[in-house]
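Given next are the chains, with one letter for each unit.
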Amino acid sequence: MSDGGLFHALLFDYTLRTVALGAGALGAVAGALGCFAVLRRQSLLGDAISHAALPGIGLAFLLTGSRATPVLVLGAALAGWIGTLFVLGIVKHSRIPEDSALGIILSVFFGIGLVILTFVQRRPTAAQAGLETFLFGQAATLMVRDVLLIVGVGAVALLLLALFWKEFKLLTFDREFGVALGFPMVRIDVLLTTLLVVGIVLGLQTVGVVLMSALVVAPAAAARQWTDSLSVMVILAGVLGGIAGVTGALVSATGGGVPTGPTIVLVASAVVVVSLLVAPGRGLVSELVRRFRVRRRVRADVVLSDLYALAAQHGESGEHAHPVAVLRAMHRGQAGTRRSLGVLAERGWAREVEPDRWAITPEGVERARTLFLPGAGEDGAGAQVEDRGVVAPGGEP
Amino acid sequence: MSALDVEIQLLAVVVAVACALPGVFLVLRRLALMSDAISHSILLGIVLAFFWVQDLAHPLLVLAATATGVITVALVEALHRTRRVKEDAAIALVFPALFSVAVLLIARYAGSVHLDVDAVLLGEIAFSPFRRLEVAGMDLGPRSLWLMSAILVLNVAALAVFWKELKVSTFDAGLAAAMGFSPALIHYGFMGLVSVTAVGAFDAVGSILVVALMIAPPAAAWLLTDRLPVMVVLSGALAAFSAVAGFWAARAIDASIAGSMAAMAGVVFLAAILFAPHRGVVAGIRRRARQRLDFARTMLMVHLLNHEGGARARVENQMGHLQEHLQWSPDFARRVVRRAERQGLLERQSGGRLRLTPLGREEARHRMVR
Amino acid sequence: MIRRESGAPVPAIEVNDLTVAYGEQPVLWDIDLTIRQGVLTAIVGPNGAGKTTLIKAILELVPRAAGRVEVLGRPYRDARGEVAYVPQRGSVDWDFPTSVLDVVLMGTYGRLGWIRRPGRRERREAMQALEKVGMEAFADRQISQLSGGQQQRVFLARALVQEARIHLMDEPFQGVDARTEKAIVEVLRELRARGDTVVCVHHALQTVREYFDEVALLNVRMIAAGPVDEAFTEPNLRLAYGGRVPFLQGVTGFEAPGGGP
């Protein structure tokens, strides 16, 4: 289907509009909530929650016989919550580390879920429950009332997020300080985790238990690259998640039975890759450019120091010119001596007295002194380092 | 029990034990979730290789899938090293992307072939015996049993040969490097082993349940022992038990065998965490109850020692004061004092004052210095 | 200064019989400590002595096995608003997406209570606090771009906007540059001048005498506490740090009697 056709269908096809709206709302909610999960290093808790939800879906169907989305979502949420409690309990009461606890809960709960699902399917009386769409998601199964559920519950979750914004930020950044301020951080934690569980289980029908956690993590990880502000990050993650949701759902719904989950996840992953590469400031491309500049400057400084040393050896005023070959020999044949001299010339720290013979200028001598003599101009240099803020993110300066 | 049942159980046991062996080091090296990442992304290797050779039984599939597993680990680490995302997020970004590509490729191009999406998650251990290995017209048994047995032998051999290296690098990577074992080489070699195991097990139990078999039995074993060799053997035994018990449970209710094996592994782990002799929750509760008295007795003696001869000794070292300052109930305080008295650590003087005996003083000093 | 009815000043913090255990391993044994109002007190002791735990136990961040803590004559829970806290710099993720001003504003959250957001007044206070620590130029800076010393000053500013009278600081001088150290000391003295109380977990023995009025020597149990002149003596340090203390030479500011060990 061409883009024009897809656009046309989106405008005029009622079903497609429904699906797009549901997936978009879902992506927005998951993306926004995911920011907190990612910042709290709980990216994989999302994975455990979504897998742990599967037995909840199966049991809810088994007990009520209902395929209605609210019933299944409620079952999923309860199971997801119980899974989370198990993870916390295992970490707290045993020597088992968190990663193992998460691995056990996600796989064992998923196994139990499969047992229930296969049991349901093989019962002679059971009409095909169609629960297996919950594995990889099928946006095409979204009904209007499902979309209303996603939008309604999602809106409540986002409203709570906005309402307790300050408390959630405190929890994520400095939990102990929050306790010292007198906030009941455990209760705040429970609330935020509940919101995360809700965001995840809302997406199970569309994206599936296997890949839902990616929709929680990817938009947040992408958004983080573009901004240093939590509020901007959350909004941006919501927007990116929404875009991934709509795009993926539409491709899936019009692509003839392609499962929705993987499609959405691929779109979201592409957004992450682009963000990691080209985001200004944190992007890897701008990091490369920055590193290249620093290396060029350091190389130039090395040549400057050589010139300075030569000038000092010769004991003259510094206007004595030295052949390029000498300078090249001084740092063991490293390439780029001539380019470094060019950089120095640009800044007026060295000049080419005659072809291939270079001398340090008085400004260059001054610069070399502040660079290499301990104590000289320390304050200035220190302040410069502090103010430039070139430290890479996450690193100890 | 039919021959088919025997073969399925045999395969289940071999798969479970083969997974549990490298699982021990996954748990100890805090790499449990790397197994999750690997077991998902190997699907991409399988699918790509399948498109190449058009034969699900081709050995290239195993090779390609194993390579994908190792590449996944490298990708996660590369992403983490950019310092743009934390490690947990790096894992959660890499494997869903690779897995999604694989699932879409299957759904789009391989729908009619033997690869289907459900099998990826469920495994098809029940059908495995139908794919036989035949050499010169002779039936040698299920193909996957041979493959998995080979992997099990490989795992046992690798653990035996590189035992020392694995052990040292797990507990002290710095020391291992100083001794001349390249931590990176050990790490990637080990992850290769995990990958090939996951590839073999994938066929039988699917990508997610592999994680249960790799992590749950070793984690349970770690609660039962502090010795590495015992932990390895115990992990294998618990895994084998989970496999057989899982098979019969699945049989009883006619449900997924693989899922039931994972659930059993979970049950075994739950039992371990609750009832392990020393590290279990129940043992912990009982020990704490016992130690609460011991601890209170020591606390009392340290308290008495600290205030001995001080200006406020007369006030501090009173029976009534204990209730107020140490926040003990009168009943508890009486019990603690009586216990210490019986042990000859303190004596009661007139007016409810408590005094350490020389023995008690010695003991208090000793406990305080640790 | 808060006084009792009798006119005697109430201690800023009074710790009685405090015992803290992690699992079954006691990390603080039966601590008694009285911190006077309006003085700078250092908590000193070797690694693993329980210095951080003592502060956290006072703040109820770790459970107490026994003991009582009173702040300005009231149980800590009733006097929480009087106490500000500067945790160790390494306790948070400095890659968190937020600005310097935003972190400082967190100090006002306790006063604001649930849901209410910091407004113009809080911003003004936060800026003033940043000025006090010489960081006003960095208000909009992302926190990952700060040096260690600057991070410490941001934490200090956050404590200042708490408008407390008692300040508990966990190693505020740990790994900071000379400029930051000077700035922090200045702030501590300013606080003392207006009658506030400061308790610092402190590592550098050679600056105890210069920076602090009182000292508490800790090693699982309380070794000595009181004015620096009385408590910060070589025998007490020996008790706290064990026998091997050649590095203590000259630290206490006293000549060792008889010319050394």
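Here is what the cut-offs are and how they apply
- Residues numbered from 1 in each chain as written.
- Chains lettered and ligands numbered in written order.
- Predicted model: local features only at pLDDT ≥ 70, side-chain atom pairs only at ≥ 80, totals over all residues.
- Heavy atoms only, no water.
- Contact = heavy atoms within 4.5 Å.
- Buried area = accessible area lost by both parts, 1.4 Å probe.
- Salt bridge = Lys/Arg side-chain N within 4 Å of Asp/Glu carboxyl O.
- Polar contact = N/O pair within 3.5 Å; in protein donor to acceptor, adjacent residues only side chain to side chain.
- Helix = DSSP H or I, 4+ residues; strand = E, 2+ residues; numbered from the N terminus.
- Nonpolar A, V, L, I, M, F, W, Y, C, P; charged D, E, K, R; others polar.
- Core = buried A, V, L, I, M, F, W, Y, C linked by side-chain atoms within 4.5 Å.
- Buried < 20%, exposed > 50% of the residue type's maximum accessible area, 1.4 Å probe, protein only.
- Domains from an automatic or database assignment.
- Phe/Tyr/Trp six-rings, centres within 6.5 Å; stacked < 30°, edge-to-face > 60°.
- Lys NZ or Arg CZ within 6 Å of the ring centre and 35° of its normal.
- Patch = residues over 30% accessible without salt bridge, like charges linked within 9 Å, V, L, I, M, F, W, Y side chains within 5 Å.
- Areas by Shrake-Rupley, 256 points an atom, 1.4 Å probe, with all protein chains shown as cover.
- pLDDT = per-residue confidence, 0-100.

A. Looking closely at the interface of chain A and chain B. Each partner contributes residues to the interface: chain A has 56 residues there, and chain B has 57 residues. Both faces combined, the contact of chain A with chain B buries some 4,700 Å², and carbon together with sulfur accounts for 75% of it. At the junction of chain A with chain B, the criterion picks out two salt bridges. Across the pair Arg-84 of chain B and Glu-287 of chain A runs a salt bridge, and its minimum N-O distance is 3.1 Å. Applying the counting rule to chain A against chain B returns twelve residue pairs in polar contact (both at pLDDT 80 or more). For the side of chain A that touches chain B, the elements supplying multiple residues, two or more each, are α3 (43-64), α4 (69-93), α5 (98-122), α6 (133-136), α12 (212-226), α14 (260-278) and α15 (284-314) of chain A. By residue number, the principal contributor to the side of chain A that touches chain B is α5 of chain A, which donates 16 residues. Split into classes, the residues belonging to the side of chain A that touches chain B amount to 33 nonpolar, 15 polar and eight charged.

B. Summary view of the nonpolar core. Counting 286 residues, the largest nonpolar core has Leu-204 of chain A, Val-205 of chain B together with Ile-13 of chain C as the members making the most contacts within it. With 24 residues, helix α9 (residues 183-224) of chain B is the single largest residue contributor to this core. Residues Met-299 and Ala-333 of chain B together with Ala-66 and Val-220 of chain C belong to the second largest nonpolar core, which totals 25 residues.

C. Geometry of the domain arrangement of chain A. Residues and elements named next belong to chain A. Looking at chain A, the domain boundaries give domain 1 (3-282) and domain 2 (285-395). Counting the surface lost from both domain 1 and domain 2, the interface buries some 350 Å², and carbon and sulfur atoms represent 44% of this. Three residues, Leu-277, Gly-281 and Arg-282, lead the burial of domain 1 against domain 2; their summed loss comes to 87% of the area buried on that side. Run the count over domain 1 and domain 2 and you get zero salt bridges.

D. Representation of the packing of aromatic side chains within the structure. Applying the stated criterion across every chain yields a total of 16 aromatic pairs over all chains. Plain terms: the ring middles of Phe-164 of chain A and Phe-168 of chain A are 6.2 Å apart, the flat faces sit at 50° to each other, and that makes the pair tilted. Centroid distance Phe-173 of chain A to Trp-94 of chain C: 6.3 Å. Interplanar angle 85°. Geometry classified as edge-to-face. One end of the pair, Phe-173 of chain A, is in helix α8 (residues 165-173); the other, Trp-94 of chain C, is in the loop between β6 (83-86) and α2 (100-105), on a second chain. A residue is classified by how much of its surface remains accessible, and Phe-173 of chain A, at 4% relative accessible area, is buried. Across from the ring centre of Phe-177 of chain A, 3.4 Å away, lies the NZ or CZ of Arg-158 of chain C, which sits over that ring. Lying over the aromatic face of Phe-155 of chain C, Arg-158 of chain C brings its terminal NZ or CZ to 4.3 Å of the ring centre.

E. Fine view of a nonpolar patch on the surface. Residue and element names in this part refer to chain A. A contiguous nonpolar surface patch, about 570 Å² in accessible area, is contributed by Trp-226, Val-273, Val-274, Leu-277, Val-278, Val-285 and Val-289. If you list the elements that add at least two residues to the nonpolar patch, you get α14 and α15. Examining the composition of the nonpolar patch, we find that four residues originate from one element, α14, more than from any other. Residue placement: Val-285 occurs in helix α15. Relative accessible area serves as the criterion here: at 43%, Val-285 is assigned to the partly exposed category.

F. Structural context of the confidence of the model for chain A. Residue and element names in this part refer to chain A. Confidence along chain A averages 83 in pLDDT terms, with 85% of residues attaining 70 or more. For chain A, per-element mean pLDDT is lowest for helix α19 (residues 378-388), which scores 38, and highest for α8, which scores 96. Across residues 375-397, confidence stays below pLDDT 50; counting only partners more than four residues off in sequence or on other chains, it has 26 contacts.

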